[in-house]
2 protein chains.
Amino acid sequence: MSRVYNFSAGPAMLPQEVLEQSAKEMLDYQGCGMSVMEMSHRSSVFQGIIDKAQQDLRKLLNLSDEYEVLFLQGGASQQFAMVPTNLMKQGAADYIITGQWAKKAWQEAKKFGKATAVASSQEQNFSEIPDCSNLNLTPEADYLYLCENNTIYGTKFWELPDSKGKPIVADVSSCFLSQPVDVNRYGLLFAGAQKNIGPAGVVVVIIRKDLIRTDLPETVPTMLQYHIHAENGSLYNTPPCYGIYICGKVFQWIEAQGGLKAMEEKNRYKAGVLYDFLDESKLFKGTVRRQDRSWMNVPFVTGDAQLDADFVKQAAQKGLVNLKGHRTVGGMRASIYNAMPLEGVEALVEFMKQFERENR
Amino acid sequence: MSRVYNFSAGPAMLPQEVLEQSAKEMLDYQGCGMSVMEMSHRSSVFQGIIDKAQQDLRKLLNLSDEYEVLFLQGGASQQFAMVPTNLMKQGAADYIITGQWAKKAWQEAKKFGKATAVASSQEQNFSEIPDCSNLNLTPEADYLYLCENNTIYGTKFWELPDSKGKPIVADVSSCFLSQPVDVNRYGLLFAGAQKNIGPAGVVVVIIRKDLIRTDLPETVPTMLQYHIHAENGSLYNTPPCYGIYICGKVFQWIEAQGGLKAMEEKNRYKAGVLYDFLDESKLFKGTVRRQDRSWMNVPFVTGDAQLDADFVKQAAQKGLVNLKGHRTVGGMRASIYNAMPLEGVEALVEFMKQFERENR
């Protein structure tokens, strides 16, 4: 068996220890004689798994009792509908457009009320976070929505905008648990698991309890109502049990690494190794405005499409895979989430140096 | 490691070979250097996995090109909303009420139009399938809905009702792939994976293509529109990749067992061993009208709640676990899906005989 360094934007690398443990427990979870996949979601063993996952996540985030943690299905895409159907009380919301995912969320919200784009960096091909220092918010808006880390473009909000008292709703799929976060500054956070915390098929939603409405219009599908899932501890229907189990293992792994503070240090250093090289390279350059650079997704280009393609191909031959950039940006993108070891980034930079020597 | 015989109603037993293969491939799927959990859903390797899963399922079902196969999230519960929002063209549908799940589907449908219960066995505590020989269908109904195998009550439709030309929509979660089926008799079938085909978090939808509408009302969430998923080959958003991979392995396992014909023979024989004993026992008796008995879920009682509890407890000590019946039926329930080996049912009957000798 030879593992590659997988720079995929998601689904993405998971900690090898987590995979090893899961393989070992596949036929018999801790002596109960069955796989977690085979286990009733109403069993005490599974209740223990989901409870521990939630407790560990709460501990990592230092989460107060004012917030509910939900493990749901349908990914971020389903949250794009759940957020407005559940949170638009007055029928309006403001959106900051920083990329394709924020835009999709905005378009979905328009189905359910008045959704206004209050800032956008579309004209800069989303290579920066727009100025949000004094947003012209809609008075009756129920929340301000943003996508905190933009997977495709490699930008990140390093400061939250002033929402003027309105709850901030953030898609944190691609930066979740990559550094400490003050959840109290948000009304709702959600993260598709398949980037930093587990396999696709689980989305974690953290919602301030006072935002969970029970008086939703009759026409909101039951499965799209937060209160239904909150009242049932994410067990209204059969949840994605195996995915939740893997997420729980990743939470434990993060704790064992030293928690979010330690992740922050590792991620800052890891991203620094790559950005430092990009800043000195004569061949490669980053595509994002410096102050908006993400630590998780690093897009870069040579400026020559053929050379980019050669790079991606040769890198793959060295076990550095999935470096092709998103078609809307072109070039390359290295996604270096929590589970990407420093050695992977160092190997990438080494190969970039070699490629630069050979191709200048 | 010692595996138990797990009679859980779902999530439920999976074939041991499938779990063994999955454990082996956990860190490196067929030499690609990563787990299926870590793999981009846009990669050619994952495309191969989902394509093969679909092809194998089509082959098992001998499915014509008139039907689309979708791998979705949200389970049967989300289908309860998707079915009416997508299929109610004239705003009406008829439901046959054979248990809690059919009832939930009916109640959900009422959010979106006129949903009429045209038959029910509620007064018999759902211990039988109601007479459906001449249903009084609503003229403008867009479909006739039924739950083909009732997991909680252990009943099954052994004949489909005459739907008088209207498409039949069936929840087949707990009998999917347990025997050959003529899909051409249905407009839409769906099955939560966690009973006969894989882990929770995947629901398979098979829909006749002419029923897939693109002219849905603006207010239907994008993720709840069948045409979106159909147009994108179940890859509109990141699907539950790992679950689909396991389902694919189960489809291959069924094929290797001899396909649905072979499953039917095994399941008939397995269920027969248990029902034959129930019919001759002086202590235990089945709760379902004979002609409506399910091969997948077999509820039975002693008539004495304390004795039932003792049985469940002692059985568990023998490695026969999750035999407690649903609270609405009481007593015991043995779920004996495809992956339950004959030896498991024989061990159960042996223990029932012993218990009967000791407790009469």
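Residue positions are counted from 1 within each chain, in the order its sequence is given. Each chain gets a letter, beginning with A, and each ligand a number, beginning with 1, in the order they are written. With the structure being a predicted model, the display of local features is reserved for residues of pLDDT at least 70 and the display and counting of side-chain atom pairs for 80 or more, all residues being used for whole-chain, interface and lining totals. For the side-chain quantities, the full set of heavy atoms in the structure was used; hydrogens and water were omitted.

Caption draft 1: Focus on the interface of chain B and chain A. On the side of chain A, 60 residues touch chain B, which itself brings 60 residues to the contact. Throughout, the accessible surface (probe 1.4 Å) given up by two parts as they are put together, summed over both, is called the buried area. The contact between chain B and chain A buries some 4,700 Å² in all, and 59% of this surface belongs to carbon and sulfur atoms. Among the residues chain B hides against chain A, the three largest losses belong to L27(B), M37(B) and E38(B). Together they make up 15% of the total. For this analysis, a salt bridge means a side-chain nitrogen from Lys or Arg found within 4 Å of a carboxyl oxygen belonging to Asp or Glu. In this assembly, chain B and chain A are joined by two salt bridges. Here a polar contact means two N or O atoms within 3.5 Å. Within protein one must be a hydrogen donor candidate and the other an acceptor candidate, and residues neighboring in sequence count only if both atoms are side-chain atoms. Our count for the contact surface shared by chain B and chain A stands at 23 residue pairs in polar contact (both at pLDDT 80 or more). Contacts between residues were defined by any pair of non-hydrogen atoms, one from each residue, lying within 4.5 Å.

Caption draft 2: Examining the pattern of salt bridges more closely. The tally for this structure, following the rule as stated, stands at 28 salt bridges over all chains. Between D292(B) and R289(B) there is a salt bridge whose closest N-O contact spans 2.8 Å. Only protein chains enter the accessibility calculation, which uses a 1.4 Å probe; a residue is then buried when its area is under 20% of its type maximum, exposed when over 50%, and partly exposed in between. Relative accessible area serves as the criterion here: at 7%, D292(B) is assigned to the buried category. Residue classification places R289(B) among the partly exposed residues on the basis of a relative accessible area of 31%. A network of salt bridges, in which partner residues are shared, links E128(A), R289(A) and D292(A).

Caption draft 3: How the structure looks around the relation of the copies chain B and chain A. A least-squares superposition brings the copies together, and it is based on the C-alpha atoms of residues with pLDDT no lower than 70 in both. Screw-axis analysis of chain B against chain A gives a translation of 0.0 Å along the axis, an RMSD of 0.0 Å, and a rotation angle of 180°. Such values leave the two copies arranged in the relation of a two-fold axis. It is A23(B) whose C-alpha, among those of chain B, lies nearest the rotation axis, at 2.2 Å. Here 100% of the contact residues of chain B are again contact residues in chain A; the copies associate through an equivalent surface.

Caption draft 4: Broad picture of the UniProt feature "domain: Aminotransferase class V" (unreviewed entry) in chain A. UniProt positions are given in the numbering used here, feature names are shortened, and annotations may be inferred rather than shown by experiment. Here, UniProt's "domain: Aminotransferase class V" (unreviewed entry) annotation points to residues 4-348 of chain A. Here residues 4-348 of chain A runs as 33% helix and 17% strand, with 12 Å between its end C-alpha atoms. Here a helix means four or more residues in a row that DSSP labels H or I, a strand means two or more in a row labelled E, and each is numbered from the N terminus.

Caption draft 5: Geometry of the UniProt feature "binding site: pyridoxal 5'-phosphate" (unreviewed entry) in chain A. Residue and element names in this part refer to chain A. As annotated in UniProt, the feature "binding site: pyridoxal 5'-phosphate" (unreviewed entry) corresponds to A76, S77, W101, T151, D171, Q194, N237 and T238 in the numbering used here. Spanning 163 residues, the named residues do not form one spatial group; their C-alpha atoms are separated by as much as 30.6 Å. Look at W101 and you get partly exposed, because its relative accessible area is 29%. When neighbours within four sequence positions are excluded, W101 is seen to be in contact with S77, F80 and I152. Inspection of the secondary structure assignment puts T151 in the loop between β6 (149-150) and β7 (155-156). Assessed through its relative accessible area of 7%, T151 is described here as buried. In contact with T151, not counting residues within four places along its chain, are A9, S174, K195, N297, R333 and Y337. In terms of polar contacts, T151 uses its side chain to reach the side chain of S174, at 2.9 Å.

Caption draft 6: Examining the environment of N196(A) more closely. Residues and elements named next belong to chain A. The residue N196 is located in the loop between β9 (188-192) and β10 (203-208) in this model. Between the C-alpha atoms of N196 and N297, which are 101 residues apart in sequence, the distance is 12 Å. If near-sequence neighbours (up to four positions away) are discounted, N196 is found in contact with S173, S174, C175, F176, S178, V250, M296, Y337 and N338. A polar contact is formed between the side chain of N196 and the backbone oxygen of F176, at a distance of 3.2 Å. At 2.9 Å, the side chain of N196 and the backbone nitrogen of N338 are in polar contact.

Caption draft 7: Summary view of the packing of aromatic side chains. Two rings from Phe, Tyr or Trp (for Trp, the six-membered ring) form a pair when their centres sit within 6.5 Å of each other. Planes less than 30 degrees apart are called stacked, planes more than 60 degrees apart edge-to-face, and all others tilted. Taken as a whole, this structure holds 35 aromatic pairs over all chains when the rule is applied. Each ring, one from F80(A) and one from F190(A), has its centre 6.3 Å from the other, and the planes form 65°; the classification is edge-to-face. Of the two residues, F80(A) sits in helix α3 (residues 75-87) while F190(A) sits in strand β9, which places them 110 residues apart along the sequence. Given a relative accessible area of 1%, F190(A) falls into the buried group. Their ring planes at 65° and their centres at 5.1 Å tell us that F284(B) and F311(B) sit as a pair that is edge-to-face. Here F284(B) is found in the loop between α7 (259-280) and β11 (285-286), whereas its partner F311(B) is found in helix α8 (residues 305-317), with 27 residues between them in sequence. Classification of F284(B) by relative accessible area gives buried; the value is 1%. A relative accessible area of 0% places F311(B) in the buried class. Ring pairing ties together the aromatic residues Y29(A), Y242(A), Y245(A), Y29(B), Y242(B) and Y245(B), which thus form one cluster.

Caption draft 8: Local environment of the sheet that holds strand β5 (residues 144-147) of chain B. Residue and element names in this part refer to chain B. Spatial strand order, β2-β10-β9-β8-β5-β3-β4: seven strands in an open sheet with mixed pairing. At either end of the open sheet lies a strand with only one pairing partner, and these are β2 (67-72) and β4 (114-120). On average, adjacent strands in this sheet sit at an angle of 20° to one another, irrespective of strand direction. Only strands joined by at least two bridges in the DSSP assignment are considered to pair. Sheet topology places strand β3 (residues 92-97) next to β5; two bridges connect them, and they run parallel. Of the residues in β5, the one forming a bridge with Y95 is Y145. Every angle, taken between N-to-C directions, lies between 0 and 180 degrees, and every axis is a line fitted to C-alpha atoms, over only the stretch in contact when it is a helix. Against the sheet, helix α4 (residues 100-109) contacts β3, β4 and β5, and its axis sits at roughly 160° relative to β3.

Caption draft 9: Highlighting the sheet that holds strand β11 (residues 285-286) of chain A. Residue and element names in this part refer to chain A. Judged by pairing direction, the sheet is antiparallel, and its three strands sit side by side in the order β11-β12-β14 without closing on themselves. Two strands in the sheet have a free side with no partner beyond their single neighbour: β11 and β14 (332-335). Pairing between β11 and strand β12 (residues 297-301): two bridges, direction antiparallel. Counterpart to K285 in the pairing with β12 is V301.

Caption draft 10: Geometry of the nonpolar core. Buried Ala, Val, Leu, Ile, Met, Phe, Trp, Tyr and Cys residues that are joined via side-chain atoms within 4.5 Å together make up what is termed a nonpolar core. F311(A) and F311(B) are the most contacted members of the largest nonpolar core, which totals 196 residues. Setting aside its immediate chain neighbours within four residues, F311(A) contacts F284(A), F300(A), L323(A), M332(A), L348(A), F351(A), M352(A) and F355(A).

Caption draft 11: The pairing of β14(A), seen in detail. All names here are of chain A. Burial along β14 is two-sided: the residues M332 and A334 and R333 and S335 are all buried. Strand direction decides the pairing type here: β12 and β14, joined by four bridges, are antiparallel. Bridged to P299 within β14 is R333.

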